[in-house]
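Each chain is listed here by its residues.
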Amino acid sequence: MSNREAKTDVILIGAGIMSATLGTLLKELVPEWNIKVFEKLDKAGEESSNEWNNAGTGHAALCELNYTVEKPDGSVDISKAIKINEQFQVSMQFWSYLVNSKRLQNPQDFIMPLPHMSLVQGDQNVTFLKKRFEAMSNNPLFQGMEFSDVPEKLLEWIPLIMEGRKLDEPIAATKIDSGTDVNFGALTRMLFDHLTSKNVEINYKHSVNDIKRKNDGSWELKVRNLDSSRIESHTAKFVFIGGGGGSLHLLQKSGIPEGKHIGGFPVSGIFMVCNNPDVVAEHHAKVYGKAKVGAPPMSVPHLDTRFIENKKSLLFGPFAGFSPKFLKTGSLLDLVTSVKPNNVLTMLAAGAKEMSLTKYLIQQVMLSKEQRMEELREFIPNAKTEDWDLVVAGQRVQVIKDTEAGGKGTLQFGTEVITAADGSIAALLGASPGASTAVHVMLEVIKKCFPQHTKEWEPKIKEMIPSYGVSLMENPELLQKIHTSTAQTLGFGEKEMVFS
Ligand SMILES: Cc1cc2nc3c(=O)[nH]c(=O)nc-3n(C[C@H](O)[C@H](O)[C@H](O)COP(=O)(O)OP(=O)(O)OC[C@H]3O[C@@H](n4cnc5c(N)ncnc54)[C@H](O)[C@@H]3O)c2cc1C
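Here the structure is a predicted model, which is why all the values come from computation and not from measurement.

Here we look at the overall build of the protein chain
Here's step 1: Counting its regular elements, the protein chain contains 16 helices and 21 strands.
Here's step 2: A compact globule built from 500 residues would reach a C-alpha radius of gyration of about 23 Å, and the protein chain, at 23 Å, matches this within 12%.
Here's step 3: Taken along the three principal axes of its C-alpha coordinates, the protein chain extends 70 × 50 × 45 Å.
Here's step 4: The proportion of buried residues among the 500 residues of the protein chain is 48%.
Here's step 5: For the protein chain, restricting intrachain contacts to residue pairs at least 6 apart in sequence, the fraction spanning at least 24 positions comes to 75%.

Things to note about the site of the ligand
Here's step 1: By nearness alone, 41 residues border the ligand, and Gly14, Gly16, Gly244, Gly246 and Gly434 come closest of all.
Here's step 2: When contributions to the shell around the ligand are tallied by element, the ones reaching two or more residues are α1 (17-29), β11 (206-213) and β18 (388-403).
Here's step 3: For the shell around the ligand, the residue count by class is 17 nonpolar, 19 polar and five charged.

A word on the sheet that holds strand β15 (residues 286-288)
Here's step 1: Ordered by their spatial adjacency, nine strands build an open sheet running β7-β8-β6-β15-β16-β17-β14-β18-β19, and the pairing between neighbours is mixed. In this open sheet, the two edge strands, each paired with only one partner strand, are β7 (146-148) and β19 (407-412). Within the sheet, the average angular offset between the axes of one strand and its neighbour, ignoring direction, is 25 degrees.
Here's step 2: Here three bridges tie β7 to strand β8 (residues 171-176), and the two strands are oriented antiparallel to one another. Across the sheet, serine 148 pairs through a bridge with alanine 173, a residue of β8.
Here's step 3: Docked against the sheet, helix α11 (residues 355-365) engages β14 (262-274) and β17 (311-321), running at close to 130 degrees with respect to β17.

Looking at helix α6 (residues 184-197)
Here's step 1: Under the 1.5 Å per step criterion, the end-to-end length of α6 is 20 Å for 14 residues, consistent within 8% with the ideal 20 Å.
Here's step 2: The buried count for α6 comes to 10 of 14 residues, which makes it a mostly enclosed element.
Here's step 3: Along α6, the residues that are buried comprise Phe184, Gly185, Ala186, Leu187, Thr188, Arg189, Met190, Leu191, Phe192 and Leu195.
Here's step 4: Of the surrounding elements, those touching the buried residues of α6 are α1, β9 (180-182) and β10 (201-203).

As for helix α15 (residues 476-489)
Here's step 1: Here α15 contains 14 residues, and its C-alpha end-to-end distance of 20 Å stays within 8% of the 20 Å for a straight helix at 1.5 Å per residue.
Here's step 2: The positive-phi residue at the C-terminal boundary of α15 is glycine 491, with phi of around 80 degrees.

Quick notes on the nonpolar core
Note that soluble globular proteins tend to have their nonpolar side chains buried in a common cluster.
Here's step 1: Within the largest apolar cluster, 135 residues are counted, with the highest numbers of intra-cluster contacts made by Ile13, Val239 and Met442.
Here's step 2: Residue contributions to this core peak at nine residues, all from helix α2 (residues 79-100).

Digging into the packing of α2 against α15
Here's step 1: Direction vectors running N to C along α2 and α15 enclose 45 degrees, while the axes themselves pass 9 Å from each other. Relative to α15, α2 is oriented oblique. Read as a crossing pair, α2 and α15 show a hand that is left-handed. Where α2 approaches α15, its residues Gln89, Met92, Gln93, Ser96, Val99 and Asn100 are matched on the opposing element by Ile482, Ser485, Thr486 and Thr489.

So, the packing of α1 against α6
When two helices pack together, their arrangement is given by the angle between their axes and by how far apart the axes lie.
Here's step 1: One way to put it is that α1 packs onto α6 with a least axis distance of 9 Å and a crossing angle of 35 degrees. Both α1 and α6 take part in a crossing whose hand is left-handed. Counted together, Ile17, Ala20, Thr21, Gly23, Thr24 and Lys27 of α1 and Phe184, Leu187, Thr188, Leu191, Phe192, His194 and Leu195 of α6 form the full contact between these two elements.
Here's step 2: Of the residues that constitute the contact of α1 with α6, the class distribution is seven nonpolar, five polar and one charged.

Observations regarding the pairing of strand β13 (residues 231-241)
Within a regular strand, side chains alternate between the sheet's two faces.
Here's step 1: As judged from the six bridges shared by strand β12 (residues 219-225) and β13, these two strands associate in the antiparallel manner. Across the sheet, the residue bridging to glutamate 220 is threonine 235, located in β13.
Here's step 2: The turn linking β12 back onto β13 is made up of five residues, and serine 229 within it adopts a positive phi angle of 65 degrees.
Here's step 3: Looking at chain direction, β13 and strand β21 (residues 425-429) are connected through three bridges and run parallel.

Notes on the environment of glycine 423
Here's step 1: The residue glycine 423 is located in the loop between β20 (416-419) and β21 in this model.
Here's step 2: For glycine 423, a count of 16 C-beta atoms within 10 Å gives the class partly exposed.
Here's step 3: Sequence separation between glycine 423 and glutamate 39 is 384 residues; the distance between their C-alpha atoms is 22 Å.
Here's step 4: Those residues within four positions of glycine 423 in sequence are excluded, and the remaining contacts are Lys448, Cys449, Phe450 and Pro451.

Points about unusual backbone geometry
Here's step 1: Between glycine 317 and proline 318 the backbone carries a cis peptide bond, its omega angle lying at -5 degrees.
Here's step 2: Within the secondary structure layout, proline 318 lies in strand β17.
Here's step 3: Positive phi, normally seen in glycine, also occurs at alanine 61, with a value near 60 degrees.
Here's step 4: Note that alanine 61 resides in the loop between β2 (35-38) and β3 (69-70).
Here's step 5: A tally of 25 C-beta atoms within 10 Å means that alanine 61 is categorised as buried.
Here's step 6: Of note in this structure, asparagine 310 is not a glycine but carries a positive phi near 60 degrees.
Here's step 7: For asparagine 310, a count of 7 C-beta atoms within 10 Å translates into the label exposed.

Quick look at the environment of glutamate 463
Here's step 1: Position of glutamate 463 among the secondary structure elements: in helix α14 (residues 454-464).
Here's step 2: C-alpha of glutamate 463 to C-alpha of phenylalanine 94: the two residues are 369 residues apart in sequence and 9.4 Å apart in space.

Description of the confidence of the model for the protein chain
Here's step 1: Scored by pLDDT, the protein chain has a mean of 93; 97% of the residues are at 70 or more.
Here's step 2: The low-confidence segment residues 494-500, where pLDDT is below 50, has 14 contacts with residues more than four positions distant or belonging to other chains.

Considerations on the pairing of β8
Here's step 1: Most of β8 sits out of view: six of its six residues are buried.
Here's step 2: Of the pairings in the sheet, the one linking strand β6 (residues 116-121) to β8 comprises six bridges and is antiparallel in character. Within β8, the residue paired with methionine 117 across the bridge is lysine 175.

The rules behind each value
- Residues numbered from 1 in each chain as written.
- Predicted model: local features only at pLDDT ≥ 70, side-chain atom pairs only at ≥ 80, totals over all residues.
- Helix = DSSP H or I, 4+ residues; strand = E, 2+ residues; numbered from the N terminus.
- Rg over C-alpha atoms; globule rule 2.2 N^0.38 Å.
- Buried ≥ 20, exposed ≤ 12 C-beta atoms within 10 Å, placed from the backbone.
- Contact = placed C-beta atoms within 7 Å.
- Near = placed C-beta within 6 Å.
- Nonpolar A, V, L, I, M, F, W, Y, C, P; charged D, E, K, R; others polar.
- Pairing = 2+ DSSP bridges.
- Axes fitted to C-alpha atoms, helices over the stretch in contact; angles between N-to-C directions.
- Expected span 1.5 Å × (residues − 1).
- Core = buried A, V, L, I, M, F, W, Y, C linked by C-beta atoms within 7 Å.
- Parallel < 35°, antiparallel > 145°, perpendicular 65-115°, else oblique.
- Left-handed = near helix turned anticlockwise from the far one by under 90°.
- pLDDT = per-residue confidence, 0-100.

Below is the structure:
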């Protein structure tokens, strides 16, 4: 029985980085709007946004080789890298605005400068990396990137990776000092603290069970209070489904036609974390390698310095895994119950198409700790088994949909915003590039769902994000200005952000 009836302007489902970002943007744009949040766990940022559940890479395409593709003519296409870098600059500007305006304190609690590197071995890969470097280093967005195939130089950059390495084939790396490690869990919690101070009502231990459109076009949510087991009813003019892996089921419950013919496939992540402070102290970078043949793009191996709770740590991974759960705290029935009459053919087509992914995931699940150590030793030749422990990271639910290019049941590795035609409800599906581009993605939600306000809100958006609507690549002066001011505000040393 309902024991609480309430009407509000906006309801955000889920207390992850996406809802935190959208709530914060909306509070800046229309402070008078009433916002409520429902989160089934007892804290914010406990699922994928938690610092131990993701890699904390500020994805700006500085090191991820899967964002640049070699074309048949041998040239390297960097257009995706440009797009992602521009999107990350949007996040950096918004975070700086929040620090400058005292909405957030102590930026070092959520963001730290850290070199981003790509590392490859073998003739073909070294040639690719060099061509990629040449294409990127001419672009203002990637200025400051260095390339080296000289082992002595690499030893200086990454001693832990180079010590004890057999140099029986060419090796090369690129390095750029303007990379970041972002603690998305801390940032999510800080944003929700700020929202609480602005009278946003955050209801923890409240699970949204159903969403239905009412005759007046608003949305009615059935929410279970997990303490009392009572079902509450809440109504809003606009609903954002920011449930991470839980979003697909909620989107299906809304019944909007835009949510049909879409499926989800969960891929879990496992990291190895170093427990030896001497080893941790020897490394200072995020070093991304190349994905193994058949591996999905999110399983690119990387060795990352992390800054969590004022402590430096070292993470390696992710190893992929399979669990039918859509959230780490989800149900074993999540995958099965996501199959509906309208998406069953899409799901079956994906199953038939993605046999190699299934095989890869099964192999990954079967790996013993020693086999994982062997993969780690491709990065750290002298790695000792006793120095490393396994940690289970978050679940990513990859979107499956029918596309013109890929046909029925095509697996998507990006992020998808699904909105109702009238803009009254939006859901975020998929997880890549993920939290790093949260501000860009939530601005897209705002643009699609509130077209009637965009003109009125634009000056404030530009105050918060000076590059809004502008290509930074084509405006190097603005880019330089933004780099300098965000570096200062976010507390990065001058050295890290100076252009060559
Ligand atoms: C292994 C791994 C590595 C990653 N690495 C990176 C990285 O290096 N850089 C990067 O930028 N991104 C990375 N990501 C992606 C990033 O973590 C996600 O894109 C981001 O955290 C998603 O945020 P969210 O708010 O959508 O979801 P979440 O943080 O998962 O939050 C969703 C919330 O909704 C709640 N919820 C769900 N269903 C309901 C319901 N019915 N009722 C109430 N509450 C509900 C959940 O409990 C949860 O708290 C990584 C992800 C994984 C899994």
